[in-house]
Each structure stands twice: as C-alpha cells, then as structure tokens.
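Residues per chain, in single letters:
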Amino acid sequence: MQTIHTPAKPSNLRWVMIGMGFLATVLNYIHRLSFTYLSAEGALRKMISNTALGYIGTAFLIAYMISNAFSGFVLDRLGTRIGYALCMAFWTTAGFFHAFVTTPLQFGIVRFFLGIGEAGNWPAGLKLTAEWFPQHERSTASGIFNSGAALGAIIVPPLVAYLSLTYNWQTIFIILAALGYIWLIAFWFIYYTPEQQVKEVKTKPIPAKKLLKTRYVITFMLSKFFLDPVWYFMTFWMGRYLVDVHHLNLKQIGWLATIPFIIADVGNIAGGYFTQFVIKKGMAVHKARKLSICLSAGLMSMPLLFAPFIIISPLSALIIFGLVGFGYCSYTSNSLACPPDVVPKSSAASVWGLGCIGTGLGGALFQALSGITLTAFGGNSNHAIGYNYLFLMYGTIAAFGLIVIWFFMGPITKDGGLKEYEPIAS
C-alpha cells in the first residue's frame, strides 16, 4: 500500500481559496460562452455564419495555444496571486471589448485576446490547489475548482436569455465584464500563499526544454490534442445545433441547454471523489489517477460514436451531450491533480501550460473542420447529417486520446530525472 504524506491539520482557509478559483472558472465560462449563445439566433446570427463561427472558434483556440505556451511559466514565476489577477484582468477586458465590435473579423480579434487571457485560469487554479491541498485531496479540490466550468455553462443560457429580454447584446457583454472586475478586487485582497508552501513554490522552475523531453509532458500534450476538442465541440456548437437540427429558439435553449451541463458538473465532483475513494481503499495514487482518467475518456468517446444512431429528440441529444460532459469534467478534475505528482510544485503550472498547447492545436484544427464539415455536408436542409459527421469525428478522436493515456503515458509518478529541481529540505 502506498504511504500518503499529508499535513496534520490543513487550514480550513483552503476552502475559501478553492472557492475563489471556482468563481473565477464560472466567470471564465460565462465570458467564453455568452458569445456562443448570443450568436445562435437574432442580430448576431445574421452576422456570423457557420463557417465564420468555426474560424472565430479557431482564433480563440490558437490564442489559447499561444498563451498556454508561456502562461504556466509566467505564473510559476509571478506566483498565484499576481498571476491569477493578471489573467482575470486580461480576459475580462477582452470580454468588455466584445461590446464594441461589429464584424466577424473584429469578433475574431477580440475572441483571440479572450483566449490569451482565459488560458491562464487552469494553470493558476492548479497552482492554487497544489499550494493549499494535500495530495490525497487534490483530485477532489481540482474537481471543485473545475466544476466552475460546467456551472458557468449552466448559467450562461438562462442568463443570456433573461438579459436579452431587456438589453441588447452590447450591453450584456458590459454587464458580464463588470462581474469579472468585482472578482478581481476581492481576490487581490484575499489570496496569499501558505507560509509552509512559500519555499517550495519559489524553487527555480524547470526550463521548458527540459520538460518537453519528459515522457509525461509529451504524452499529456498529445492526449489533450485529442480529448479537449470534444469539450469545445459541446460548448461552442450545442446552441447552434439545437437551433438548426431541433428548431429551438433562444428562450427554449436558455433552459434546456442547462441539462447537459448539470450532468457534466456532477462529473467534476464524482470523478475527483472516485479517485480519492479508491486511494483510501489502498490503490496507489498513480494507478488511481490513470484509472479514473481512462474511464472518463471512454465515457467521452462512446456516446458520441453512438449518437447518430440513437438521437431521436432534443432530450436524447441533451443526454448524449451530458454524458460526454460528465466524462470530460471527470477527466479534467483528475488531470489537474497530476502535474504536482510528476514535477515539483514550482513547475506544475508550466507542465499544465505545455500540455494545453495540445488543447489549442487540437481545438483550433477541429473547430475549423467543424465549420467546414457543416457547410459541406449540412447545407441548408441537411443539418442533422452534418452534425452526425461531427459526432463520429469527435467520438473517434476521444478514443485516440484514451489510447495515448493507457498505452503510452506510463505511470503518473515523480520523474526521477527532475530531482535536481526539488526543493532542498531544511
């Protein structure tokens, strides 16, 4: 049985800190997805075609990839408080400027800058979790933090539908930006790094060149290339899918689109707790993490591969999306807990950022392919056919991600080649 070393009395303030990360992630997704639903119908829909939406999504994800190449290293050097605050300030301001653009090209530009800022949320949240939570609680804490993504996705449809009754889309973007600035002020005055963690998190970070030679980082990046685009398909295209295939309006979507994200949000907590449970039952931490991640990836793939044959109504489609989201959120909550198990905490955000280069590359490629596929095969009257191709494509790439993790990643344990970067014991 693996021995787990934990602090005798972890501070109760850790729940306040993870709560701030949770709220940041909620706001991250509110800013990210408000455009998606506002452009599903109405004035913005007339401006943004399927092909344009695909390229706008690609612009966001290219920026996400670029940001991930350096955001983790910047966060490891600036620290969680300054780094997280800068990320929030950047993406909130980009969200604010959505109110002042009027063409697909301009939206592509502001979405690009939104992606630059939003990418930092996850390495920042990972650092926060590593600083405040012991190893055996980390997957559960990561699940709480990451559940903000699904909750944000739950909130956005009814929030946008409600605000649309009173305000135009420009005013809605301004209101949502104000919420981000309120969080920023609160976080700046609340957050600090625990005293016992200061020495470890300030240890010299590992150079990117060194990290990119490790088996874990390479396979982590490749697995995210295949797995993360599935979530972007769900979040970026579901609103338009419900309009085009099932002929729902924005008011109906405002409530029905919450169903898959409620199911997905359960995956954050269930996935993290499942890992914690099997660790307590005696399974080695690295085996528990890998088992949970692979089960989650399988749950992402299978519903999509069967979707073209079993979707017969809006409700069945929403359940399919929900199962996929459950799998993705469970996968992410466990993945967030892994980098501190492999490298020193001073480089955990750097590892996540490098891994998410795969997210950006895969997301950008498959977003563009999604728009092209729908234009080529969906046409004006065969939308369901075009989306069936997408279901099969995303189900297949999720299966590739599972194969990478199971057969090529190896054990998720401390990398012996990085011992020189471990903090020296007092």
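Figured I'd write up the structure that's included with this text. Keep in mind that this is a model prediction, so the values were computed, not measured.

A few words now on the packing of aromatic side chains. Following the criterion strictly, the structure yields 38 aromatic pairs and no others. When the ring of F233 is compared with that of Y394, the centres are 4.5 Å apart and the planes differ by 10 degrees; the resulting orientation is stacked. Here F233, found in helix 11 (residues 215-244), pairs with Y394, found in helix 18 (residues 383-408); they are 161 residues apart in sequence, far enough to count as distant. A relative accessible area of 0% means that Y394 is categorised as buried.

This brings us to the pattern of salt bridges. Per the counting criterion, the structure on display carries 5 salt bridges. R32 is the salt-bridge partner of E118, the closest N and O atoms lying 2.8 Å from each other. Of this pair, E118 sits in helix 5 (residues 104-118) while R32 sits in helix 1 (residues 13-38), and the two are 86 residues apart along the sequence. The exposure classification of E118 matches that of R32, with both residues buried. Between D76 and K127 there is a salt bridge, and its shortest N-O distance comes to 3.1 Å. With a gap of 51 residues between them, D76 in helix 3 (residues 50-78) and K127 in helix 6 (residues 121-132) connect regions that are remote in the sequence. Taking relative accessible area as the criterion, D76 reaches 5% and is therefore assigned buried.

A positive phi angle, close to 60 degrees, is found at H247, a residue other than glycine. Tracing the backbone shows H247 in the loop between helix 11 and helix 12 (250-256). Residue classification places H247 among the exposed positions, given a relative accessible area of 63%.

Let us now look at the side chain of S370. Positionally, S370 belongs in helix 17 (residues 348-378). Look at S370 and you get buried, because its relative accessible area is 0%. Within the structure, S370 has its side chain in polar contact with the side chain of Y394 (distance 2.6 Å). Excluding anything up to four places from it in sequence, S370 contacts W237, L390, M393 and Y394.

Evaluated as defined, the whole model comprises 0 disulfides. With no disulfide of its own, C356 has C87 as its nearest cysteine by sulfur position, at a separation of 12 Å.

It is the contact of helix 4 (residues 80-97) with helix 5, at a shortest axis distance of 7 Å, that shows an interaxial angle of 160 degrees. It follows that helix 4 is roughly antiparallel to helix 5 by the angle criterion. Relative to helix 5, helix 4 is oriented so that their crossing is left-handed. Here C87, F90, W91, A94, G95 and F97 of helix 4 lie close against helix 5, whose contacting residues are V110, F113, L114, I116, G117 and E118. When its residues are assigned to classes, the contact of helix 4 with helix 5 shows 9 nonpolar, 2 polar and 1 charged.

Cut-offs applied
- Residues numbered from 1 in each chain as written.
- Predicted model: local features only at pLDDT ≥ 70, side-chain atom pairs only at ≥ 80, totals over all residues.
- Heavy atoms only, no water.
- Phe/Tyr/Trp six-rings, centres within 6.5 Å; stacked < 30°, edge-to-face > 60°.
- Helix = DSSP H or I, 4+ residues; strand = E, 2+ residues; numbered from the N terminus.
- Buried < 20%, exposed > 50% of the residue type's maximum accessible area, 1.4 Å probe, protein only.
- Salt bridge = Lys/Arg side-chain N within 4 Å of Asp/Glu carboxyl O.
- Polar contact = N/O pair within 3.5 Å; in protein donor to acceptor, adjacent residues only side chain to side chain.
- Contact = heavy atoms within 4.5 Å.
- Disulfide = S-S within 2.5 Å.
- Axes fitted to C-alpha atoms, helices over the stretch in contact; angles between N-to-C directions.
- Parallel < 35°, antiparallel > 145°, perpendicular 65-115°, else oblique.
- Left-handed = near helix turned anticlockwise from the far one by under 90°.
- Nonpolar A, V, L, I, M, F, W, Y, C, P; charged D, E, K, R; others polar.

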